[in-house]
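# Architecture and fold: a report
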Amino acid sequence: MRDPSELGSLRVRPRGLVPTMGYLHEGHLELIRHSAAENAETVVSIFVNPLQFGAGEDYETYPRDLARDARLAEEAGADWIFHPDPETMYPVGFATTVHVGGPLTERWEGERRPGHFDGVATVVTKLFNLVRPDRAYFGEKDFQQLQVVRRFTADLNLGVEIVPVPIVREPDGLARSSRNVYLTPEERPKATVLYRALLAVREAAAAGATPAEALRAGERVLAEVPEFVPDYLAVVDPETLEPLEASWVPGARAIVAGRFPTVRLIDNMEVWNP
Ligand code: AMP
């Protein structure tokens, strides 16, 4: 791994950026592998971004292990780790926010986590300006975030190609997440309920159900696990994230989020593509 202080003078192109909050797992490593395969240099940023955490969320306790992250990132093909301090990213007097307006950020995660997407858009814009990547890699795990990043990257002519990477799952279907470590041994097997609900929506869609009917099949699965309190389960247009009711669009997604006593989880799946 090279010295990050050289980052500003990087000259090798094309350059890939993989923005993360660290505590790397197989999902992150898949993003890094994609970038390493497609670019001459890959920068992995590791920054637990205070701006995207709400009051009462887990900013202080978010899991961190930089030494392990650096080793895993390098093994997956990273050339650089960019690990700025919060004080460097947000010095005293910092006063600028990138805000994505409109329905894309009003629903779902945007509604449950006020200010979250402003924090994401602001930090990703700063990372783009600091690292100057040609491409940046984002997981479909955070599907609404991916669409928000696409929106402001296009709107602000940031000149970065946004590359989506499919969700990496545990063998039982649970989407990989740094927050899965919060699950208790009793909750862990039950956490597959999100994946199973998404599968039920997809199966109903394949059997000819409308989006509204398919949604009910997913809701029945969620109801089997009372420890999981859903925030939402919806079938949406993949571009606008507007709910679908009577008819399908290609690439329609089911999205789900909710809480176990110890952790909030999200997941999604493409449920219809003719
Ligand atoms: P995070 O560290 O949680 O902010 O995630 C950093 C990046 O990794 C984001 O683009 C996530 O969407 C992506 N990511 C996280 N988990 C997964 C996963 N299970 N599969 C694919 N991408 C993921």
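Look up a bit, the structure's there.
What you see is a predicted model; the values in this text were computed from it and never measured. (Residues numbered from 1 in each chain as written. Predicted model: local features only at pLDDT ≥ 70, side-chain atom pairs only at ≥ 80, totals over all residues. Heavy atoms only, no water.)

Another point: the overall build of the chain. A count of helices and strands for the chain gives ten helices and eight strands. Relative to the compact-globule value of 19 Å for 274 residues, the chain shows a C-alpha radius of gyration of 19 Å, a close match. For the chain, the spread of C-alpha atoms along the principal axes amounts to about 55 × 40 × 40 Å. Per-residue burial over the chain gives 53% buried out of 274 residues. Intrachain contacts of the chain at a sequence separation of at least 6 include 73% that bridge at least 24 residues. Split by element, the accessible area of the chain, about 12,500 Å² in all, is 52% carbon and sulfur. Treating the 29 positive side-chain charges of the chain as one cloud and the 41 negative ones as another, the clouds have centres 1 Å apart. (Helix = DSSP H or I, 4+ residues; strand = E, 2+ residues; numbered from the N terminus. Rg over C-alpha atoms; globule rule 2.2 N^0.38 Å. Buried < 20%, exposed > 50% of the residue type's maximum accessible area, 1.4 Å probe, protein only. Contact = heavy atoms within 4.5 Å. Areas by Shrake-Rupley, 256 points an atom, 1.4 Å probe, with all protein chains shown as cover. Lys, Arg positive; Asp, Glu negative; His and termini not counted. Charge placed at Lys NZ, Arg CZ, Asp CG, Glu CD.)

Take helix α2 (residues 66-76) next. Of all the positions in α2, only Asp69, Leu72, Ala73 and Ala76 are classed as buried. Looking straight down α2, one finds that the buried residues subtend no more than 100° of arc, so they occupy a single side. The exposed set on the far side of α2, more than 90 degrees from its buried face, consists of Ala67 and Glu75. Of the surrounding elements, those touching the buried residues of α2 are α1 (26-38), β2 (41-46) and β3 (80-82). Phi turns positive one or two residues past the end of α2, at glycine 77, with a value near 120°. (Arc of directions from axis to C-beta.)

Moving on, we get to the layout of surface pockets. Of the voids in this model, the second largest pocket is the one considered here, and its volume is about 190 Å³. As for the second largest pocket, its lining consists of Val100, Gly101, Pro103, Leu104, Gln147, Arg150, Arg151, Ala154, Glu239 and Thr240. Elements with a contribution of two residues or more to the lining of the second largest pocket: α4 (103-106) and α7 (143-155). The leading source of residues in the lining of the second largest pocket is α7, at four residues. Looking at the lining of the second largest pocket residue by residue, the classes come out as four nonpolar, three polar and three charged. (1 Å grid on protein atoms, 1.4 Å probe; cavity = no way out; pocket = protein on both sides within 12 Å on 5 of 7 lines; lining within 4 Å. Points joined across faces, edges and corners; volume = space filled by probe spheres on them. Nonpolar A, V, L, I, M, F, W, Y, C, P; charged D, E, K, R; others polar.)

Let us now look at the pairing of strand β5 (residues 161-165). The pairing of strand β4 (residues 135-139) with β5 spans five bridges and is parallel. Bridging across to β5, tyrosine 137 finds its partner in valine 163. Chirality of the crossover, the property in question, places the unit of β4, α7 and β5 among those that are right-handed. (Pairing = 2+ DSSP bridges. Right-handed = clockwise from strand over helix to strand, strands pointing away.)

What follows deals with the packing of aromatic side chains. Enumeration according to the criterion identifies seven aromatic pairs in this entry. Between the aromatic rings of phenylalanine 53 and tyrosine 59, the centroid separation amounts to 5.4 Å while the plane-to-plane angle is 65°, which identifies the pairing as edge-to-face. Between tryptophan 108 and tyrosine 232 the ring centres are 5.2 Å apart and the planes differ by 55°, which places this aromatic pair in the tilted class. Here the residue tryptophan 108 occupies a position in the loop between α4 and α5 (109-112), and tyrosine 232 occupies one in strand β6 (residues 229-236), the gap between them amounting to 124 residues. (Phe/Tyr/Trp six-rings, centres within 6.5 Å; stacked < 30°, edge-to-face > 60°.)

Turning our eyes to something else, we now look at the site of the ligand. Around the ligand sit 17 residues in total, of which His28, Gly139, Asp142, Val168 and Arg176 are the nearest. For the ligand, an oxygen atom lies 2.6 Å from a polar atom in the side chain of aspartate 142. For the ligand, whose unbound accessible area comes to 480 Å², protein coverage reaches 93%. Ranked by the residues each element gives to the shell around the ligand, the list is headed by α1, at three residues. The residue inventory of the shell around the ligand, partitioned by class, reads eight nonpolar, six polar and three charged. (Near = heavy atom within 4 Å. Polar contact = N/O pair within 3.5 Å; in protein donor to acceptor, adjacent residues only side chain to side chain.)

By way of backbone hydrogen bonds, the strands of a sheet pair with one another, either parallel or antiparallel. Strands sit in the order β3-β2-β1-β4-β5 across an open sheet of five strands; the sheet is parallel. The sheet is open, and its two borders are formed by β3 and β5, each paired with just one other strand. Direction aside, neighbouring strands of the sheet carry axes that sit 25° apart on average. Contacting β1 (15-20), β2, β3, β4 and β5, helix α6 (residues 116-131) crosses the sheet at an angle of about 145° to β1. (Axes fitted to C-alpha atoms, helices over the stretch in contact; angles between N-to-C directions.)

Pairs of packed helices are described in terms of their axes, by the angle between the two and the distance that separates them. Closest axis-to-axis distance for the helix α9 (residues 193-206)/helix α10 (residues 211-222) pair is 8 Å, and the angle between their directions is 155°. It follows from the interaxial angle that α9 and α10 lie roughly antiparallel. By crossing handedness, the relation of α9 to α10 is classed as right-handed. Residues Val193, Arg196, Ala197, Ala200, Val201, Ala204 and Ala205 of α9 form the contact with α10, whose participating residues are Ala214, Leu215, Ala217, Gly218, Val221 and Leu222. (Parallel < 35°, antiparallel > 145°, perpendicular 65-115°, else oblique. Left-handed = near helix turned anticlockwise from the far one by under 90°.)

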